[in-house]
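Working through the structure, step by step
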Amino acid sequence: MNHFAPRADFSIRAATLADAESLAEFGARTFREAFAADNTAEDMRLHLASAWSPQLQRAEIANPALDTLLAFTADGFLAAFAQLRADYAPTQVPTERAIELKRFYVDSPWHGTGLARELMAAVEHQARRRGARELWLGVWERNPRAQAFYRKCGFEKIGTQIFVVGTDPQTDHVMLRKL
Ligand SMILES: CC(C)(COP(=O)(O)OP(=O)(O)OC[C@H]1O[C@@H](n2cnc3c(N)ncnc32)[C@H](O)[C@@H]1OP(=O)(O)O)[C@@H](O)C(=O)NCCC(=O)NCCS
């Protein structure tokens, strides 16, 4: 995508390979902050090791099926990121024109500020550019704030799926919205 500048305070752009290291640090930290209290230390360790490293994020950024969007503050700090995935959907997603919103994380100082809505607008923009008609996502059944945010954005629950954190098979709500 091209540079997407929804309002003066934040700028949102596609990640490049040069962002892999800071994204790996940011992604692991925001996941830990969001979920460490509700998972064992060992499950967190296993999950973080399997999902976050500069090498893994380099591969994701280079993967043509993924779009990684980064939101920066005016003074250049990474404040949020989102990842879209175009090559997979579970059976309950009833369309071939749906793209997954695979990850969506806003750093805690910016929760409730509107940045999440701005990042979602950039996600929608990018999904449309890919030709998608719907967005789908999985969100943990024990993450009511994210569920409320997604409902505000027009997503509705259509089913469930399992997401394994370390050794723990957790139930996610699968949510879908039209674009
Ligand atoms: C999920 C996330 C992106 C949402 O962004 P946000 O800026 O916090 O979202 P908003 O504040 O606009 O909306 C959240 C809504 O949930 C509500 N909410 C907060 N805590 C809640 C709770 N425990 N139960 C139900 N609703 C809750 C808020 O009141 C708000 O609704 P309102 O605007 O009508 O008052 C952000 O919280 C985040 O990054 N969280 C940590 C990572 C995460 O969970 N990512 C999603 C993974 S699927």
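Quick note: structure is the one above.
Think of each chain on its own: its residues are numbered from 1, step by step along the sequence as written. The predicted nature of this model means local features are confined to residues of pLDDT at least 70 and side-chain atom pairs, given and counted, to a pLDDT of 80 or more, with totals for whole chains, interfaces and linings taken over all residues. The side-chain figures draw on all heavy atoms in the structure; neither hydrogens nor water molecules are used.

**Some details on the overall build of the protein**
To qualify as a helix, a DSSP run of H or I must reach at least 4 residues; to qualify as a strand, a run of E must reach at least 2; elements of each kind are numbered from the N terminus. A count of helices and strands for the protein gives five helices and eight strands. In the protein, the order of α-helices and β-strands from amino to carboxyl end is β-β-α-α-α-β-β-β-α-β-α-β-β. As defined in this context, the radius of gyration uses C-alpha atoms, and a globule is described by 2.2 Å times the residue total to the power 0.38. Scaling as 2.2 N^0.38, a compact globule of 179 residues should have a C-alpha radius of gyration of about 16 Å, and the protein matches this with 15 Å. Note on classification: 1.4 Å probe, protein chains only; a residue is buried when its accessible area is under 20% of the maximum for its type, exposed when over 50%, partly exposed between these limits. The buried share among the 179 residues of the protein stands at 48%.

**Things to note about the nonpolar core**
Joining through side-chain atoms within 4.5 Å is the link that ties buried Ala, Val, Leu, Ile, Met, Phe, Trp, Tyr and Cys residues into a set, and such a set is a nonpolar core. By size, the foremost hydrophobic cluster in this structure holds 29 residues, and its most contacted members are Leu101, Phe104, Met120, Val123, Tyr150 and Phe155. Looking at this core, the elements with two or more residues in it are strand S2 (10–14), strand S3 (66–73), strand S4 (78–85), strand S5 (98–106), helix H4 (115–129), strand S6 (134–140) and helix H5 (144–152). Top element by residues in this core is H4. It accounts for seven residues. Residues are treated as being in contact if the distance between any of their heavy atoms lies within 4.5 Å. Every residue in contact with Met120, bar those within four places of it in the chain, is listed here: Leu101, Phe104, Phe149, Tyr150, Cys153 and Phe155. Within the second largest apolar cluster, 19 residues are counted, among which are Ala20, Phe31, Trp140 and Val165.

Read these as geometric descriptors, not functional statements.
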